[in-house]
Amino acid sequence: TEYPGGISAFMRDVTQKINSNRIKGPKGKARSNAKFSVNAKGEIETIIVTGENESLNHEVERAMKSMKTKWTPGEYKGHPALIWFTVPFTINFE
């Protein structure tokens, strides 16, 4: 499974869609982890975002759901397969 340009391009594209005005929290860093699956069609299917800051979690999920770019599907034993990823997100509040 691969995103066009690799996982760093995926992280950049998601980060650009995150609207920091929707995220509430005290000064400092907030972290979320996004676990998601890419199905046999190359589409993001299931998204589970965890972290202490609920507004960051919701915004990361919203940004990921808005992604339209297809992935190259993963394979298992020569057949398209569902593949899971986990990626971290961190935001700094000034």
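This text gives an overview of the structure that appears in the document. Along each chain, numbering runs from 1 in the same order as the chain's sequence is written. The predicted origin of the model limits local features to residues at a pLDDT of at least 70 and limits the giving and counting of side-chain atom pairs to 80 or more, whereas totals for whole chains, interfaces and linings rest on all residues. Based on all heavy atoms of the structure, the side-chain values leave hydrogens and waters out of the count.

What about the sheet that holds strand 2 (residues 44–51)?
Here comes step 1: Whether two strands pair depends on DSSP finding at least two bridges between them. Every helix listed is a DSSP run of H or I at least four residues long, and every strand listed is a run of E at least two residues long, numbered separately from the N terminus. Spatially, 2-1-5 is the arrangement adopted by the three strands of the open sheet, whose pairing is antiparallel. Of all strands in the sheet, those bounded by a partner on one side alone are strand 2 and strand 5 (83–93). On average, each strand axis in the sheet is inclined to that of its neighbour by 20°, with strand direction left out of account.
Here comes step 2: The contact criterion used throughout is that any non-hydrogen atoms of two residues lie within 4.5 Å. The convention used is that axes are lines fitted to C-alpha atoms, helices contributing only their stretch in contact, and that angles between N-to-C directions extend from 0 to 180 degrees. With respect to the sheet, helix 1 (residues 7–17) is in contact with strand 1 (28–38), strand 2 and strand 5, its orientation differing from that of strand 5 by roughly 50°.
Here comes step 3: Against the sheet, helix 2 (residues 54–65) makes contact with strand 1, strand 2 and strand 5, and its axis sits at roughly 165° relative to strand 2, the strand it touches most.

A closer look at the packing of aromatic side chains
Here comes step 1: Each Phe, Tyr or Trp ring, with Trp reduced to its six-membered ring, pairs with another whose centre is within 6.5 Å; inter-plane angles below 30 degrees give stacked pairs, above 60 give edge-to-face pairs, and intermediate values give tilted ones. If you walk through the whole model with that rule in mind, you get seven aromatic pairs.
Here comes step 2: Through a chain of ring-to-ring contacts, three or more aromatic side chains come together here, namely Tyr3, Phe10, Phe36, Trp71 and Phe85.

Overview of the side chain of Ser37
Here comes step 1: Its place among the elements puts Ser37 in strand 1.
Here comes step 2: Not counting chain neighbours up to four residues away, the residues in contact with Ser37 comprise Glu43, Ile44, Glu45, Thr46, Leu82, Ile83 and Trp84.

A short note on the environment of Ala30
Here comes step 1: Within the secondary structure, Ala30 sits in strand 1.
Here comes step 2: Residues Ala30 and Asn53, spaced 23 residues apart in sequence, show a C-alpha to C-alpha distance of 6.5 Å.
Here comes step 3: When near neighbours in sequence (up to four residues on either side) are disregarded, Ala30 contacts Asn53, Leu56, Phe89, Thr90, Ile91 and Phe93.

Concerning the pairing of strand 1
Here comes step 1: Across 11 bridges, the pairing between strand 1 and strand 5 is antiparallel. Its bridge partner lying in strand 5, Gly28 is registered against Phe93.
Here comes step 2: Here strand 1 pairs with strand 2 via six bridges, running antiparallel. Bridging across to strand 2, Val38 finds its partner in Ile44.
Here comes step 3: Here strand 1 hands over to strand 2 after five residues, with Gly42 in that stretch at a positive phi of 85°.

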